[in-house]
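Chains, contacts and geometry: an overview
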Amino acid sequence: MSTASYILGIVSALLVLAVVVELLRRGRLRERHAVWWMLAGLLALVAAVFPATLTWAARLVGVQVPTNLVFFASTAILFFVALQSSSELTVLEKRVRTLAEQSALLELRIRELEDRKKKASGS
Amino acid sequence: MPLPSLSRTLVVMPAFNEADSVADVVREVVEAVPQAHVLVVDDGSRDDTTELARAAGASVARLPFNLGVGGAMRTGFRYAVSKGFDAVVQVDADGQHDPAEIATLVDGLAAADLVLGARFAGVGDYRTSGPRRWAMVVLSRVLSRLTRTRLTDTTSGFRASGPRAIRLFAEHYPAEYLGDTIETLVIASRSGLTISQVPVHMRVRSGGVPSHRPVKSAIYLARAGLALIFALTRPRSSHASEGVR
């Protein structure tokens, strides 16, 4: 592995962590959504700084080519992030639905009250 | 169970871009059951559905965007709870349900919590064929066993709900496609409600054509099956536990 690719690995891992932390700091990302991204960034950093850990982990689980372990772990993490997003989306849709129903009923109630008032003041 | 009177009955009509037919259907309902209150739930229409329904004499709740029949119906059930109605009858805004039979459905509530208007039970000449028909037959078999009563038309949208069903559905009324017909039966029977059916006439829709194309039928069959499987495997705690008294 060349020095350039060694540095590239470390820099990209640090970039991921920096972006996640910055988003968290500004309140643009909630902690529970950030967990997976933090985990991915930290794993990438460890593997980038100490490539030996990657080789060790690959041998431990019986993966022949260490890079394949990286691909597997990345896919798994992205999978869980996407699944969590879908699930959160479902919760949000449910809440939006309830709010929409409530707003329709409130609008109708206001109209009924206004009509009653008009009738009362008219007669 | 005491017989709910028609004056304590709310007719809920979900309507999505039904400007062509909604006013006529509202007038027909008012004519057929003058004592009942009519609520049109405008499901995010972009035409004049709201104005026309209002002019025809219905109360109209307008949803800010399209939620599907399930969302529109739950809105209706919530309205019924807040106003204390004893019966809710769902009627389609496209005119395929005959308002003259609303009273028949409400009569059925004397002996059950949920009454379905069944299209194949010997009255009228409503027919369907091919995979869609098989799907309906299978659904009817499964749901009949589950609800311990003979149901021949489980996807009928023409139905009446009594006080217990109203309270349940104001909380739990699925929004998914076909959930409003199939899953509601599962929810109702798991919550201990009694279900029955009465035969009704069905008229040709005045707007829109029912689909009979094979691909569409196959998709319908798959979605109906999925809806049923998910309804049956859903954790009970989500609705059955907060029992309906």
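So, here's what we can say about the structure. (Residues numbered from 1 in each chain as written. Chains lettered and ligands numbered in written order. Predicted model: local features only at pLDDT ≥ 70, side-chain atom pairs only at ≥ 80, totals over all residues. Heavy atoms only, no water.)

Focus: the overall build of chain A
The criterion, for reference: Going along the chain from the N terminus, every DSSP run of H or I of four or more residues is numbered as a helix, and every run of E of two or more is numbered as a strand. Radius of gyration: over C-alpha atoms. The globule rule applied is 2.2 Å multiplied by the number of residues raised to the 0.38 power. Buried residues are those whose accessible area, probed at 1.4 Å on protein chains only, stays under 20% of the maximum for their type, while exposed residues exceed 50% and partly exposed ones sit between those limits.
Looking only at helices and strands, chain A has four helices and zero strands in total. Its helices and strands in sequence order give chain A the pattern α-α-α-α, from N to C terminus. For 123 residues, the compact-globule formula gives about 14 Å, and the C-alpha radius of gyration of chain A, at 26 Å, lies well above that figure. Judged by the C-alpha coordinates and their principal axes, chain A covers about 90 × 30 × 15 Å. A burial count over chain A gives 15% of its 123 residues as buried.

Description of the pattern of salt bridges
To keep it simple, the criterion reads: Salt-bridge detection follows one rule: a side-chain nitrogen of Lys or Arg within 4 Å of a carboxyl oxygen of Asp or Glu.
This model, assessed by the stated rule, comprises 10 salt bridges over all chains. Close ionic contact of Arg-32 of chain A with Glu-88 of chain A constitutes a salt bridge, the shortest N to O distance being 3.2 Å. With Arg-32 of chain A in helix α2 (residues 31-49) and Glu-88 of chain A in helix α4 (residues 66-122), this pair connects stretches of sequence that are 56 residues apart. For Arg-32 of chain A, a relative accessible area of 42% puts it in the partly exposed group. The partner of Lys-83 of chain B in a salt bridge is Glu-112 of chain A, with the nearest N and O atoms 2.8 Å apart. Here the residue Lys-83 of chain B occupies a position in helix α3 (residues 68-83), and Glu-112 of chain A occupies one in helix α4, the pair thus bridging two chains. The exposure class assigned to Glu-112 of chain A is buried, which follows from its relative accessible area of 17%.

Looking at the nonpolar core
Residue and element names in this part refer to chain B. Threshold: Here, the term nonpolar core denotes a set of buried Ala, Val, Leu, Ile, Met, Phe, Trp, Tyr and Cys residues that are joined through side-chain atoms within 4.5 Å. Every residue pair with non-hydrogen atoms within 4.5 Å of one another is taken to be in contact.
The biggest cluster of nonpolar side chains holds 44 residues, and the ones touching the most others in it are Leu-10, Phe-77, Val-88 and Phe-169. Among all residues touching Phe-169, those that are not within four sequence positions of it are Arg-74, Phe-77, Leu-114, Ser-161, Thr-184 and Ala-188. If you look at the next biggest cluster of nonpolar residues, it comprises 32 residues, including Val-11, Met-13, Ala-93 and Val-198.

Concerning the sheet that holds strand β4 (residues 87-90) of chain B
Residues and elements named next belong to chain B. Spelled out, the test is: Any two strands between which DSSP finds at least two bridges are classified as paired. All axes here are fitted lines through C-alpha atoms, helices being fitted over the stretch that makes contact, and every angle between N-to-C directions spans 0 to 180 degrees.
Judged by pairing direction, the sheet is mixed, and its seven strands sit side by side in the order β3-β2-β1-β4-β6-β5-β7 without closing on themselves. The outermost strands of the open sheet, each flanked by one partner alone, are β3 (59-62) and β7 (195-199). Ignoring which end each strand starts from, the neighbouring axes of this sheet average 20 degrees apart. The pairing of strand β1 (residues 9-15) with β4 spans four bridges and is classified as parallel. Within β4, the residue paired with Leu-10 across the bridge is Val-88.

A look at helix α7 (residues 179-190) of chain B
Residues and elements named next belong to chain B. Of all 12 residues making up α7, 12 are buried, and the element is well covered by its neighbours. Listed in full, the buried residues belonging to α7 are Gly-179, Asp-180, Thr-181, Ile-182, Glu-183, Thr-184, Leu-185, Val-186, Ile-187, Ala-188, Ser-189 and Arg-190. Of the residues trailing α7, Gly-192 is marked for its positive phi of about 85 degrees.

Looking at unusual backbone geometry
All names here are of chain B. Despite not being glycine, Asn-17 has its phi angle at roughly 50 degrees, a positive value. Among the structural elements, Asn-17 can be located in the loop between β1 and α1 (22-32). With relative accessibility at 35%, the residue Asn-17 sits in the partly exposed group. You will see that Arg-148, though not glycine, has its phi angle at about 55 degrees, which is positive. Note that Arg-148 resides in the loop between α5 (130-147) and β6 (159-161).

Examining the interface of chain B and chain A
Put simply, the rule is: By definition, the buried area sums, over both parts, the 1.4 Å-probe accessible area that each loses when the two are put together. A 3.5 Å cut-off defines polar contacts: any pair of N or O atoms within that distance qualifies, except that in protein one atom must be a possible hydrogen donor and the other a possible acceptor, and neighbouring residues in sequence count only when both atoms are side-chain atoms.
In this assembly, 20 residues from chain B lie in contact with 13 residues from chain A. Regarding the contact of chain B and chain A, the summed buried area is about 1300 Å², with carbon and sulfur atoms giving 55% of it. Among the residues chain B hides against chain A, the three largest losses belong to Arg-54, Arg-74 and Arg-78 of chain B. Together they make up 30% of the total. Linking chain B to chain A there are three salt bridges. Between Arg-78 of chain B and Glu-101 of chain A there is a salt bridge whose closest N-O contact spans 3.8 Å. Taken together, the connections running from chain B to chain A amount to six residue pairs in polar contact (both at pLDDT 80 or more).

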